[in-house]
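Here is what each chain is made of, one letter per residue.
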Amino acid sequence: MARPNGLMERLNERPVVCAEGFLFELERRGYVAAGEFVPVVSLEAPEALRMLHRDFQRAGSDIVQAFTYNGHREKMRLIGQEDLLEPMNRAALRIAREVADSNPGGEADLMAGNISNTNLWNPDDPASQQEARSMFEEMCRWAVEEGADLLIGETFYYTGEALCALEAMQQHRLPCVVTLAVMGDNRMQDGDTPAAACQRLKQAGADVVGLNCFRGPATMMPHLREIRDTVAGPIAALPVPYRTTPEHPTFFNLPDDQGCTCPSPHGRTFPTALDPLYMNRYEIRQWAREALELGIRYLGVCCGNNPMLTREVAEVAGKITEASRFSERMATHFLYGTNQRLAKHIKAHGDKA
Ligand SMILES: [Zn+2]
């Protein structure tokens, strides 16, 4: 099989779609525990992971991002399974490679190795930084050995950690995507504005910079505009599909104002009771349109994503996906369709139904 066009060639030609959000979707499907959020599914139920990759691929994702989010040494130590670290990473990478290479919808997709926030980085503690660096380096090495086409570093809320991750990624000659996650105070936790942090990453050689996770479209877009005004080159945007507001800018602190009668036992909607705050497909579609108009070239949805939402983004980006065959078709619905064959006395029940 011919090697696929690389990420940068594709970005020059058209917008690129990258499905993220494996943690939430596999939690919903019963393969990951909420809160713990460890991606051991690649070892325990490889077929489930393969299927989700495949579903995102059918929905138009151009990138098969190996599900190694949180699959780093610190997290595996935390749950007492450090011995699974390398097998788990390699299994996830191999599954992603296999899915990317066997895209029945057309040319092979790109496979991305993935590193992310370590949750131990401390700007005042060089030892923690060294620890993070070695975690990034080992994961990047495994990704390259398993045939990654690009490397993605994501969900960093310290600029310093993102820069460190980028350095580890740059030890290999692959395109590097770095996306930052902005907490409710609108800053990186070591002080930069998100736009300034993206600019520093760009100057340090990142190929694509931008934002992912934590924020829904409404509260991510203002930062994306600033980033677009500050940074040259391709920008990435992968919000969570939740109705965040200026008052509650992230999904960590989003209250349920939809009349919930049974709140979560831990007192917040994140991460297990966000369902009523979910955006519908039209809202995601509208966001994708706005993002494209702003000049965002690398688009996706993070935690909360599903194949249906990815299809919406891909279609707005101009793709006809395999799953587009099943895009909305209301004309033959028994109550609300327009087809001439539909019985009028049945359709008459529509408004009271
Ligand atoms: Zn996320």
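In this text, all values refer to a predicted model and were calculated from it rather than measured experimentally.

Digging into the overall build of the protein chain
Okay, step 1: A count of helical and extended segments in the protein chain gives 13 helices and eight strands.
Okay, step 2: Expected size for 353 residues packed as a compact globule is a radius of gyration near 20 Å; at 20 Å, the protein chain falls within 12% of this value.
Okay, step 3: Considering the protein chain as a whole, with its 353 residues, one finds that 48% of them fall into the buried category.
Okay, step 4: The long-range share in the protein chain, meaning contacts at least 24 apart out of those at least 6 apart in sequence, stands at 72%.

Some remarks on the domain arrangement of the protein chain
Okay, step 1: The assigned domain composition of the protein chain is domain 1 (7–320) and domain 2 (329–353).
Okay, step 2: Relative placement of domain 1 and domain 2: their C-alpha centres are 41 Å apart.

Points about the packing of helix H10 (residues 217–230) against helix H11 (residues 281–294)
Okay, step 1: Close contact between H10 and H11 brings their axes to 11 Å; oriented N to C, the two are set at 5°. The angle between H10 and H11 falls in the class roughly parallel. On H11, the residues that touch Pro 217, Met 221, Leu 224, Arg 225 and Arg 228 of H10 are Trp 287, Glu 290 and Leu 294.
Okay, step 2: Taken together, the residues of the contact of H10 with H11 sort by class into five nonpolar, no polar and three charged.

Observations concerning H10
Okay, step 1: Helix length check: H10, at 14 residues, gives a terminal C-alpha distance of 19 Å against a target of 20 Å (1.5 Å per residue), a fit within 8%.
Okay, step 2: Those residues of H10 not exposed but buried are Pro 217, Thr 219, Met 220, His 223, Leu 224 and Ile 227.
Okay, step 3: Looking at the packing, one finds that the buried side of H10 touches helix H9 (194–203), strand S6 (208–212), strand S7 (235–238) and H11.

Here we look at the sheet that holds strand S8 (residues 298–299)
Okay, step 1: Strands sit in the order S1-S8-S7-S6-S5-S4-S3-S2 across an open sheet of eight strands; the sheet is parallel. Two strands in the sheet have a free side with no partner beyond their single neighbour: strand S1 (16–17) and strand S2 (63–65).
Okay, step 2: Here S7 pairs with S8 via two bridges, running parallel. Paired with Ala 236 across the two strands is Tyr 298, which belongs to S8.

Concerning helix H7 (residues 126–145)
Okay, step 1: Taking 1.5 Å per residue as the helical rise, H7 with its 20 residues ought to reach 28 Å, and the 29 Å between its terminal C-alpha atoms agrees with that figure.
Okay, step 2: Along H7, the positions that sit buried rather than exposed are Ala 132, Met 135, Phe 136, Met 139, Cys 140, Trp 142 and Ala 143. The buried residues of H7 all sit within an arc of 160° when viewed along its axis, so they share a single face. Among the exposed residues of H7, those pointing more than 90 degrees away from its buried face are Pro 126, Ala 127, Gln 130, Ser 134 and Glu 145.
Okay, step 3: Tucked inside the fold, the buried residues of H7 contact helix H5 (73–78), helix H6 (85–101), strand S3 (110–116), strand S4 (150–156) and helix H8 (159–169).
Okay, step 4: Positioned one or two residues after H7, Gly 147 has a phi angle of 90°, which is positive.

Considering the environment of Gly 337
Okay, step 1: Within the secondary structure layout, Gly 337 lies in the loop between helix H12 (307–316) and helix H13 (344–347).
Okay, step 2: When the C-alpha atoms of Gly 337 and Lys 347 are compared, they prove to be 8.0 Å apart, with 10 residues separating the residues in sequence.
Okay, step 3: Here Gly 337 is in contact with Met 330, Ala 331, Thr 332 and Leu 342, once residues within four sequence places are set aside.

Focus: the packing of H6 against H7
Okay, step 1: One way to put it is that H6 packs onto H7 with a least axis distance of 9 Å and a crossing angle of 40°. With respect to H7, the element H6 is oriented oblique. Both H6 and H7 take part in a crossing whose hand is right-handed. Facing Glu 86, Asn 89, Arg 90 and Leu 93 of H6, the residues of H7 in contact are Met 139, Trp 142 and Ala 143.
Okay, step 2: A breakdown of the residues in the contact of H6 with H7 according to their chemical character gives four nonpolar, one polar and two charged.

Quick notes on the pairing of S4
Okay, step 1: Counting buried positions along S4 yields seven of seven residues, so the element is predominantly enclosed.
Okay, step 2: Strand direction decides the pairing type here: S3 and S4, joined by five bridges, are parallel. Each residue of the ladder has a partner; that of Gly 113, found in S4, is Leu 151.
Okay, step 3: Chirality of the crossover, the property in question, places the unit of S3, H7 and S4 among those that are right-handed.
Okay, step 4: As paired strands, S4 and strand S5 (residues 176–180) are joined by four bridges and run parallel to one another.

A short note on unusual backbone geometry
Okay, step 1: Cis geometry is found at the peptide bond from Phe 270 to Pro 271, where omega equals -10°.
Okay, step 2: Structurally, Pro 271 is set in the loop between S7 and H11.
Okay, step 3: Phi angles above zero are rare outside glycine, and Asn 70 is one such case at about 70°.
Okay, step 4: Residue position: Asn 70 is located in the loop between S2 and H5.
Okay, step 5: For Asn 70, a count of 23 C-beta atoms within 10 Å translates into the label buried.
Okay, step 6: One non-glycine residue, Asn 119, adopts positive backbone phi at about 60°.
Okay, step 7: Relative to the assigned elements, Asn 119 resides in the loop between S3 and H7.

Notes on the nonpolar core
Okay, step 1: Of all hydrophobic cores here, the largest spans 104 residues; its most connected members are Ala 112, Leu 151, Ala 165, Leu 180, Ala 237, Tyr 298 and Val 313.
Okay, step 2: Broken down by element, the residue count for this core peaks at nine residues, all from H6.
Okay, step 3: With sequence-adjacent residues up to four places away left out, Leu 180 is seen in contact with Phe 156, Tyr 157, Ala 162, Met 188, Pro 194, Ala 197, Cys 198 and Leu 211.

What counts, and at which threshold
Residues numbered from 1 in each chain as written. Predicted model: local features only at pLDDT ≥ 70, side-chain atom pairs only at ≥ 80, totals over all residues. Helix = DSSP H or I, 4+ residues; strand = E, 2+ residues; numbered from the N terminus. Rg over C-alpha atoms; globule rule 2.2 N^0.38 Å. Buried ≥ 20, exposed ≤ 12 C-beta atoms within 10 Å, placed from the backbone. Contact = placed C-beta atoms within 7 Å. Domains from an automatic or database assignment. Axes fitted to C-alpha atoms, helices over the stretch in contact; angles between N-to-C directions. Parallel < 35°, antiparallel > 145°, perpendicular 65-115°, else oblique. Nonpolar A, V, L, I, M, F, W, Y, C, P; charged D, E, K, R; others polar. Expected span 1.5 Å × (residues − 1). Pairing = 2+ DSSP bridges. Arc of directions from axis to C-beta. Left-handed = near helix turned anticlockwise from the far one by under 90°. Right-handed = clockwise from strand over helix to strand, strands pointing away. Core = buried A, V, L, I, M, F, W, Y, C linked by C-beta atoms within 7 Å.

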